[in-house]
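Structural characterization, general
Here are the chains, one letter per residue:
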There are 4 protein chains.
Amino acid sequence: MAISEAEAKTARYRMVSRFANEVSTVIDVAGVKIGEGYFPVISGPCSVEGEEQVIAIAKSIKASGAKILRGGAFKPRTSPYDFQGMQAEGLELLSLAKRETGLPIVSEIMNQSQIELFHDVDIVQIGARNMQNFDLLKAVGGIKQPVLLKRGLANTIEEFLMSAEYIVASGNPNVILCERGIRTFESMTRNTLDLSAVILLKQMSHLPVIADPSHAAGIRSLVAPLAGAILAVGADGIMIETHNDPANALCDGAQSLDLEQFADLMKDMKKRAEFEGKVI
Amino acid sequence: MAISEAEAKTARYRMVSRFANEVSTVIDVAGVKIGEGYFPVISGPCSVEGEEQVIAIAKSIKASGAKILRGGAFKPRTSPYDFQGMQAEGLELLSLAKRETGLPIVSEIMNQSQIELFHDVDIVQIGARNMQNFDLLKAVGGIKQPVLLKRGLANTIEEFLMSAEYIVASGNPNVILCERGIRTFESMTRNTLDLSAVILLKQMSHLPVIADPSHAAGIRSLVAPLAGAILAVGADGIMIETHNDPANALCDGAQSLDLEQFADLMKDMKKRAEFEGKVI
Amino acid sequence: MAISEAEAKTARYRMVSRFANEVSTVIDVAGVKIGEGYFPVISGPCSVEGEEQVIAIAKSIKASGAKILRGGAFKPRTSPYDFQGMQAEGLELLSLAKRETGLPIVSEIMNQSQIELFHDVDIVQIGARNMQNFDLLKAVGGIKQPVLLKRGLANTIEEFLMSAEYIVASGNPNVILCERGIRTFESMTRNTLDLSAVILLKQMSHLPVIADPSHAAGIRSLVAPLAGAILAVGADGIMIETHNDPANALCDGAQSLDLEQFADLMKDMKKRAEFEGKVI
Amino acid sequence: MAISEAEAKTARYRMVSRFANEVSTVIDVAGVKIGEGYFPVISGPCSVEGEEQVIAIAKSIKASGAKILRGGAFKPRTSPYDFQGMQAEGLELLSLAKRETGLPIVSEIMNQSQIELFHDVDIVQIGARNMQNFDLLKAVGGIKQPVLLKRGLANTIEEFLMSAEYIVASGNPNVILCERGIRTFESMTRNTLDLSAVILLKQMSHLPVIADPSHAAGIRSLVAPLAGAILAVGADGIMIETHNDPANALCDGAQSLDLEQFADLMKDMKKRAEFEGKVI
């Protein structure tokens, strides 16, 4: 470790700190790299809703240039009467989509007893509402897959790093930080995307940092311009919600791009990535 | 149920809603009542630190008039390097204090695998950071003890009610709502106590509502005046952190009252409760 | 001055600081005292709408026990198409109500060119949106009447004290601080009343501190319980919106008490004031 | 006007709305265009501190490619003991810098009595703290120069548009909207830059929209990456604080670029503007 004793004593996020590693961490997910120079696009539906849906989306986003498939199987929903996801069956459908397309998959885990079910999931996601579910953080510190950790709705940058530290200190060095908007007084957008946080996280930590404009905005027409901004500030990747039929999506339809809109966005993002010198 | 079919369909927190019960819920915890006319004071240390400490505090607060002992065994701490609580041993010491004093006990659970360990805990607490840990909410829906649910740092009143609904819809009707301050731009206090929320929760739901001025303020000198305000707005109880030696507390010392300060506060609160027509 | 040279150098609100005066400031407004032991109730309509309205309200609230009449003549409205107040004519009607009832009057000033028009207004109010209109603060530092300064929607306690310092440093020692709710993510209430701020302001400054539950809540049914809480935390007064016909008020009807509701509230507040040892 | 009667009745910001003009407004400031395709860079010091300083900065930023010079003469400062600006003398020095370099100038007005003093200022700025100083908004509705209106620290997008409406409805159609960060719980940055607001403002209004990364971030190292993001989301310009000696600046030194850093940033921004098809 490259940090001094004094730094080690004071730092409450000493292992994820930039002091710990001068070299930025690059994470390899089944051949897809995240970090320093690589800018993979993660895409897919809020919820897996059925075989036809997830396969159609996976094939289309792959053709458009996405490198990783996202899909919710266990869904953290505000009300118990909202659709709770297809659960274990949803994970099986994601595995099927992975076999069909070759895309690695990412899905959200909601409690530590589900770890075994996630054996075929390439990146295990901790959602914003569980960012300070410390027992879950410790538990995913023991798995072999990388963890995608989303920033909590009202958590500071330092709290975010300390939650990442829980995972790394528990044995899993492969954490991807994801800014997804914070809760503010502004109600026109779902949340307020905090791009300064992306920049600061890159300065303060060696971990890769991505952003999610879909959940941040909650409005489809903001996703493409925010995507360009995310690339411009130096993020290491992006996560974008897509759906083959947004108007009838079981969750988050208003913020999901349809597959054609995603294809158009990817054309634009490829030019932008080339301009920035990044591999998309 | 007293609600119309239309209301039942639309309400995303239909069981905890005032529409569901015209009569407010009164919860009985080993003979201590919470709700409509009863205003129990819950007190004790942030963390159980040892036998001598917890017994000394329990005896003193009982003598001062507290009705329920609180104490943290499993601690949700921002950094993995902060003190994480005495864990199972902490729960045993709370049980010991309960036998010594007769006070029922409340302690925070951090994940569903701990439920068995909490068999002797009279009220199981879900902390602010787990308010939207929906799997944990469902799990405590299956236990026999009442659940004390704290409002999340950035959660709206409606989200709070929907989290309570998760517990009730999972089979446990005995939920106590606890306002403990929300996160705002003001940094002089730890959080901003939202007393309007206490009033609205009482209007919107039949569940008992208490408040925690210690975590809201984060400053000792604010606790007593806020306690009077909590009683004045019609809350059903209060939770106050105390310590026999705040200067050396392992957590939250700055907001803990010492035992003499607590005794003084209780003298004042008894007069206030009498004025309000409440049983303290 | 009781402050040390070091304190004087560092304090950016040195004259309003508790260090400056050990004795709390009591302000006398045409015989009505505000501060230390006196808890006057200020009431009246959001906007002066006509002679009949303002006289009817003034007589009724006086009979109920209010000590000061409030009424808006120049209204800071979000849209230029909202009712902007009766302006100079509104001030004349307030003066008329003052002569009819003997109640001193308070009204909001919006720019320094209006100072002459406010010659008969007993307390000049600076609204929340002008809390950092520093030129206006300096200007009211030169008037002879006390100034009621409202906290800005997103201003910290320290910024609030520094705005008061502008007035005092410009020559007017009689400033009344008014907490009226801050803007947070919670949208069910208009703002979030910050009672911790009232307590801290009393600890940090010698100036009188009042609170406005009507603007804080924006909902009529919250006003009475919040009023009790405001008294309980040690505030020096309260400002409550009333209207003789809230359903048809030109502004803020949803948060205004009707005259009967105000009379009932005052009966309760008198008992509470007696309990607290305050002169209402 | 292209809006329907129904829209005209309901819209509280009808004249600045996109419904009012399908064609985006392009503002011409002494030959410098702002809007649709033009992306001028406004730069200069927080405060004018002296002739040598402002001339040195003006010449250097012009050479680097800035199109408009900013400089504070009347400064809205939190404490009355902070430096309040060089005032009228500051405006004279800005005029001098304008004659020396040919750059049009922008400076903040703090009250309507200063309008005459601003006769040689090409763009009159309304600061964030005065965004809802409605009398000042009406007053600048009567001047001939364009107005640069900054978003308030806790104001919503709709409130921002309504403040612009005050100016336009008072007779001045040339308003430039400036997003400069909002106040949130995050304390590591001075404010949180809300780029979604820039996108929404462009969708909802025909007025030009620029952004200020310096005040939003409060940290020098964030300015360049945020500048790229501001260009990427489709803003019509940018305002960046610069100083010839940031370490000794009388205000906001921590967020100011030195002249060499600004030159480097401009080289980067020219490439980015070319990529976006904008004239910088």
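Notes on the structure in this doc start here. Every chain is numbered on its own, with residues counted from 1 as its sequence reads. To read the labels, note that chains go from A and ligands from 1, taken in the order they are written. pLDDT decides what is reported in this predicted model: residues at 70 or higher carry local features, side-chain atom pairs at 80 or more are listed and counted, and totals for whole chains, interfaces and linings draw on all residues regardless. Where side-chain values are given, they derive from all heavy atoms of the structure, hydrogens and water being excluded.

1. Considering the overall build of chain A
In plain terms, the rule: Helix and strand assignments come from DSSP, with helices taken as H or I runs of at least 4 residues and strands as E runs of at least 2, each series counted from the N terminus. Here the globule rule reads 2.2 Å times residues to the power 0.38, and the radius of gyration is calculated from C-alpha atoms. Each residue is placed in one exposure class: buried if its accessible area under a 1.4 Å probe, protein chains only, is under 20% of its type's maximum, exposed if it is over 50%, and partly exposed if it falls in between.
Within chain A, the secondary structure is distributed over 9 helices and 10 strands. Computed over the C-alpha atoms, the radius of gyration of chain A is 18 Å, within 12% of the 19 Å expected from 2.2 N^0.38 for a compact globule of 280 residues. Along the longest, intermediate and shortest principal axes, the C-alpha atoms of chain A span 55 × 45 × 40 Å. Here chain A holds 280 residues, and the buried ones make up 67% of them.

2. Regarding the interface of chain A and chain D
Quick reminder of the rule: Any two residues whose heavy atoms approach within 4.5 Å are treated as being in contact. Defined here as a combined quantity, buried area equals the accessible surface (1.4 Å probe) lost by two parts on assembly, summed across both. Whenever a carboxyl oxygen of Asp or Glu lies within 4 Å of a side-chain nitrogen of Lys or Arg, that contact is scored as a salt bridge. Polar contact criterion, stated in full: a pair of N or O atoms within 3.5 Å, where within protein one must be able to donate a hydrogen and the other to accept it, and residues adjacent in sequence count only if both atoms are side-chain atoms.
Between chain A and chain D, the residue contacts involve 36 residues of the former and 36 residues of the latter. Together, the buried faces of chain A and chain D total about 2,900 Å²; carbon and sulfur atoms form 72% of this surface. Inspection of the region where chain A meets chain D yields 4 salt bridges. The tally of links between chain A and chain D comes to 8 residue pairs in polar contact (both at pLDDT 80 or more). For the side of chain A that touches chain D, the secondary structure elements donating two or more residues are helix H5 (157-169), helix H6 (195-204), helix H8 (220-232) and helix H9 (259-276) of chain A. Here the element with the most residues in the side of chain A that touches chain D is H8(A); it accounts for 7 residues.

3. A look at helix H5 (residues 157-169) of chain B
Residue and element names in this part refer to chain B. Threshold: Take the residue count of a helix, subtract one, and multiply by 1.5 Å to get its expected span.
If you check H5, its first and last C-alpha atoms are 18 Å apart, about what 13 residues at 1.5 Å a residue would give, namely 18 Å. With 11 of 13 residues buried, H5 lies mostly within the body of the structure. Of all the positions in H5, only Ile-157, Glu-159, Phe-160, Leu-161, Met-162, Ser-163, Ala-164, Glu-165, Tyr-166, Ile-167 and Val-168 are classed as buried. Against helix H4 (134-140), strand E7 (147-150), strand E8 (175-179) and helix H6 (195-204) lie the buried residues of H5. Just beyond H5, the residue with positive phi is Gly-171, at close to 115°.

4. Observations concerning the side chain of Arg180(A)
Residue and element names in this part refer to chain A. Threshold: In this tally Asp and Glu are treated as negative and Lys and Arg as positive; neither His nor the chain ends contributes.
Mapped onto the secondary structure, Arg-180 falls in the loop between strand E8 (175-179) and H6. No salt bridge is formed by the buried Arg-180; the nearest opposite charge belongs to Asp-212, separated by 5.9 Å. Ignoring anything within four residues of it in the chain, the contact list for Arg-180 reads Ala-128, Arg-129, Lys-150, Arg-151, Leu-153, Asn-191, Asp-212, His-215 and Ala-216.

5. Thoughts on the interface of chain D and chain C
If you look at the interface, chain D gives 33 residues, while chain C gives 33 residues. For the pairing of chain D and chain C, the buried interface totals around 2,900 Å² over both sides, and the portion due to carbon and sulfur atoms is 47%. In this structure, the connection of chain D to chain C is made through 4 salt bridges. A salt bridge links Arg12(C) to Asp82(D), with the shortest nitrogen-to-oxygen separation between them at 2.4 Å. Along the contact surface separating chain D from chain C lie 24 residue pairs in polar contact (both at pLDDT 80 or more).

6. Some details on the packing of helix H8 (residues 220-232) of chain B against helix H8 (residues 220-232) of chain C
Defined as follows: All axes here are fitted lines through C-alpha atoms, helices being fitted over the stretch that makes contact, and every angle between N-to-C directions spans 0 to 180 degrees. When describing relative orientation, an angle under 35 degrees is termed roughly parallel and one over 145 degrees roughly antiparallel, while 65 to 115 degrees is termed roughly perpendicular and anything else oblique. Note: crossing handedness is left-handed where the near helix turns anticlockwise from the far helix by less than a right angle, and right-handed where it turns clockwise. In this classification, Asp, Glu, Lys and Arg are treated as charged, Ala, Val, Leu, Ile, Met, Phe, Trp, Tyr, Cys and Pro as nonpolar, and every other residue, Gly included, as polar.
Viewed as axis vectors pointing N to C, H8(B) and H8(C) meet at an angle of 155°, and their least axial separation amounts to 8 Å. Considered as vectors, H8(B) and H8(C) are oriented roughly antiparallel to each other. H8(B) and H8(C) meet at a crossing whose hand is right-handed. Contact with H8(B), carried on its side by Pro225(B), Gly228(B), Ala229(B) and Ala232(B), involves Pro225(C), Gly228(C), Ala229(C) and Ala232(C) of H8(C) and no other residues of that element. Among the residues making up the contact of H8(B) with H8(C), the classes are represented as 6 nonpolar, 2 polar and no charged.

7. Brief notes about the side chain of Arg70(D)
Residue and element names in this part refer to chain D. Relative to the helices and strands, Arg-70 resides in strand E4 (residues 68-70). For Arg-70, a relative accessible area of 5% translates into the label buried. There is a polar contact of 3.3 Å between the side chain of Arg-70 and the backbone oxygen of Cys-46. Among all residues touching Arg-70, those that are not within four sequence positions of it are Ile-42, Ser-43, Gly-44, Pro-45, Cys-46, Lys-75, Val-106, His-215, Met-239, Ile-240 and Glu-241.

8. Here we look at the pairing of strand E10 (residues 238-241) of chain D
Residues and elements named next belong to chain D. The criterion, for reference: Between any two strands, at least two bridges found by DSSP are needed for them to pair.
The alternating pattern of E10 places Ile-238 and Ile-240 and Met-239 and Glu-241 on opposite faces, both of which are buried. As defined by bridge partners, strand E3 (residues 41-44) adjoins E10 across 4 bridges and the pair is classed as parallel. Looking across to E10, one finds that Val-41 is bridged to Ile-238.

9. Some remarks on H8(A)
Residue and element names in this part refer to chain A. The line we're drawing: Fitting axes to the seven residues that end at a residue and to the seven that start at it, the angle between those axes gives the bend at that residue.
Leu-226 marks where H8 bends most, by close to 25°. Counting buried positions along H8 yields 10 of 13 residues, so the element is predominantly enclosed. For H8, the set of buried residues is Leu-222, Val-223, Pro-225, Leu-226, Ala-227, Gly-228, Ala-229, Ile-230, Leu-231 and Ala-232.

10. Here's the deal with a nonpolar patch on the surface
Under the convention used in this document: In this analysis, a patch consists of residues with relative accessible area above 30% that form no salt bridge, clustered at 9 Å for like charges and at 5 Å for the nonpolar side chains Val, Leu, Ile, Met, Phe, Trp and Tyr. Here the Shrake-Rupley method, with its probe set to 1.4 Å, supplies the accessible areas, and only the displayed protein chains count as covering residues.
On the surface, Val26(A), Tyr38(A) and Val279(A) cluster together to form a nonpolar patch covering roughly 230 Å² of accessible area. Mapped onto the fold, Val279(A) is located in the segment after H9.

11. Comments concerning the relation of the copies chain A and chain D
Stated formally: A residue counts toward the fit only if its pLDDT is at least 70 in both copies, and the copies are then superposed by least squares on the C-alpha atoms of those residues.
When chain A is fitted to chain D, the residual RMSD is 0.0 Å, and the transformation amounts to a turn of 180° plus an axial shift of 0.0 Å. Overall, the copies show the geometry of a two-fold rotation axis. The C-alpha atom lying nearest the rotation axis in chain A is that of Ala229(A); the distance is 2.1 Å. Of the interface residues in chain A, 100% have counterparts in chain D that sit at the interface too, so the contact is made through matching surfaces.

12. Some points on the pattern of salt bridges
For the structure on display, the rule yields 64 salt bridges over all chains. In this structure, Asp268(C) engages Arg272(C) in a salt bridge whose closest nitrogen and oxygen atoms are separated by 2.9 Å. Placement of both Asp268(C) and Arg272(C) in helix H9 (residues 259-276) is noted, with a separation of 4 residues, approximately one turn of the helix. Exposure remark for Asp268(C): the relative accessible area of 28% places this residue in the partly exposed category. Shared partners join several salt bridges into a network, and the residues in it are Arg151(A), Glu179(A), Asp194(A) and Glu186(D).

13. So, the relation of the copies chain D and chain C
Each copy of the sequence occupies a distinct position, and chain D is placed on chain C by a rotation of 180° and an axial shift of 0.0 Å, giving an RMSD of 0.0 Å. Mapped onto chain C, 100% of the interface residues of chain D again fall at the interface, so both copies present the same surface.

14. Some words on the packing of aromatic side chains
For the record, the criterion: We call Phe, Tyr and Trp rings a pair once their centres come within 6.5 Å, taking the six-membered ring for Trp, and we label the pair stacked below 30 degrees between planes, edge-to-face above 60, and tilted otherwise. In our convention, an over-ring charge means Lys NZ or Arg CZ found within 6 Å of a ring centre and within 35 degrees of that ring's normal.
Summed over all chains, the structure comprises 10 aromatic pairs over all chains. Arg14(A) extends its terminal NZ or CZ atom over the ring of Tyr81(B), reaching a point 3.5 Å from the ring centre.

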